[in-house]
Amino acid sequence: MAFKVTGVEQGEWAVLGVSGELDLVTSPVLRQRVHDVVAEGHHCLVLDLSDVFFCDSSGVGVLIAARRLIRSCRGRLRLILPAQGASDGSHVNRVLGALGVRRLFEVYADLDSATTDEADPLSA
């Protein structure tokens, strides 16, 4: 599967769907897309990582940088991991947990819960 980032809007949220490997080669693409979304004035961002099957430290670095950028704009960043991500350990979830940064992010199981304020994030 080739790396791809797609973008849509859902209400006040800009949603970037990421698929493939998030690594040293592809992470600059995601970093640029996040910057482009913020430059367009969107400060509520959802990164849908459901279709990311590999994430290395450079990918994690992009997620942390996105969090920092969104927070500097007083915005909100949410991540989507597969529905079983918290219990069976999706790859991204395991990497974030192993590095001790999972608690920095609001993680949701699906797009509907990530783009409403009624749903609580999955526990860290």
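Here's what I pulled together on the structure shown here. Fair warning: this is a prediction, and the values are worked out from it, not measured in the lab. (Residues numbered from 1 in each chain as written. Predicted model: local features only at pLDDT ≥ 70, side-chain atom pairs only at ≥ 80, totals over all residues. Heavy atoms only, no water.)

## As for the overall build of the protein
What counts is decided by this rule: Helix and strand labels come from DSSP, where a helix needs a run of H or I of at least four residues and a strand needs a run of E of at least two; each type is numbered from the N terminus. When accessible area is computed with a 1.4 Å probe and restricted to protein chains, residues below 20% of their type maximum are described as buried, those above 50% as exposed, and intermediate ones as partly exposed. Two residues qualify as a contact provided that any one of their heavy atoms is within 4.5 Å of a heavy atom in the partner residue. For the accessible areas, the method is Shrake-Rupley and the probe is 1.4 Å, while residue cover comes only from the protein chains on display. None of His or the chain ends enter the tally, which takes Lys and Arg as positive and Asp and Glu as negative. A charged residue contributes its charge at one atom only: NZ of Lys, CZ of Arg, CG of Asp or CD of Glu.
A tally of regular secondary structure across the protein gives five helices and five strands. In terms of overall dimensions, the protein has a C-alpha envelope of 35 × 35 × 25 Å along the principal axes. The proportion of buried residues among the 124 residues of the protein is 44%. Long-range pairs, those at least 24 residues apart, make up 67% of the contacts in the protein between residues at least 6 apart in sequence. Accessible surface for the protein amounts to roughly 6,400 Å². Of this, 51% is attributable to carbon and sulfur atoms. Here the protein contributes 12 positively and 16 negatively charged side chains, and the mean placements of these two sets differ by 9 Å.

## Some words on the layout of surface pockets
In plain terms, the rule: Of the grid points, spaced at 1 Å and generated over the protein atoms alone, those admitting a 1.4 Å probe that cannot get out make up cavities, while open sets with protein on both sides within 12 Å along at least five of seven lines make up pockets; any residue with an atom within 4 Å of a point is treated as lining. Grid points are joined across faces, edges and corners, and a volume is the space filled by probe spheres set on the points. Any residue outside Ala, Val, Leu, Ile, Met, Phe, Trp, Tyr, Cys, Pro, Asp, Glu, Lys and Arg is labelled polar, Gly included; the first ten of those are nonpolar and the last four are charged.
Estimates place the volume of the largest pocket at around 150 Å³. Around the largest pocket, the lining residues are Arg67, Ile70, Arg71, Gly75, Arg76, Leu77, Leu104, Phe105 and Glu106. Elements with a minimum of two residues in the lining of the largest pocket: α2 (57–72) and β4 (76–80). For the lining of the largest pocket, the element with the most residues is α2, which contributes three residues. Its residues placed into classes, the lining of the largest pocket shows four nonpolar, one polar and four charged.

## So, the nonpolar core
Generally speaking, a soluble globular protein has its nonpolar side chains buried in company with each other. Spelled out, the test is: Residues belong to a common nonpolar core when they are buried Ala, Val, Leu, Ile, Met, Phe, Trp, Tyr or Cys residues joined through side-chain atoms within 4.5 Å.
Within the largest apolar cluster, 29 residues are counted, with the highest numbers of intra-cluster contacts made by Leu30, Leu45, Leu47 and Leu49. When residues of this core are traced back to their parent elements, those giving at least two are β2 (13–22), α1 (27–39), β3 (44–55), α2, β4 and α4 (91–98). No other element matches α2, which puts six residues into this core. Those residues in contact with Leu30, other than ones at most four positions away along the chain, are Phe3, Val5, Leu16, Val18, Leu22, Leu47 and Val62. Ranked by size, the runner-up nonpolar core spans seven residues in total, among them Trp13, Val15, Cys44 and Ile80.

## What about the pattern of salt bridges?
The line we're drawing: In the sections that follow, a salt bridge refers to a side-chain nitrogen of Lys or Arg positioned within 4 Å of a carboxyl oxygen of Asp or Glu.
Applying the stated criterion across every chain yields a total of four salt bridges. With a closest N to O distance of 3.0 Å, Arg76 and Asp117 form a salt bridge. Pair noted here: Arg76 is in strand β4 and Asp117 is in the segment after α5 (111–114), with a separation of 41 residues, a long-range link. When its relative accessible area of 25% is taken as the criterion, Arg76 is described as partly exposed. For Asp117, a relative accessible area of 48% gives the class partly exposed. Between Glu106 and Arg78 there is a salt bridge, with its nearest N and O atoms 3.3 Å apart. Of the two residues, Glu106 sits in strand β5 (residues 106–108) while Arg78 sits in strand β4, which places them 28 residues apart along the sequence. Residues joined by salt bridges that share partners form a network here, namely Glu12, Arg76, Arg78, Glu106 and Asp117.

## Topic: the sheet that holds β5
Defined as follows: Strand pairing is defined by DSSP finding a minimum of two bridges between the two strands. Angles here are taken between N-to-C directions and fall from 0 to 180 degrees, while the axes themselves are lines fitted to C-alpha atoms, restricted in helices to the stretch in contact.
Spatially, β1-β2-β3-β4-β5 is the arrangement adopted by the five strands of the open sheet, whose pairing is mixed. Of all strands in the sheet, those bounded by a partner on one side alone are β1 (4–10) and β5. Each adjacent strand pair in this sheet contributes to an overall mean axis angle of 25 degrees, direction not counted. As paired elements, β1 and β2 share seven bridges and run antiparallel to each other. Considered in β2, the bridge of Thr6 is made with Gly17. Against the sheet, α4 engages β3 and β4, with an angle of about 100 degrees to β3.

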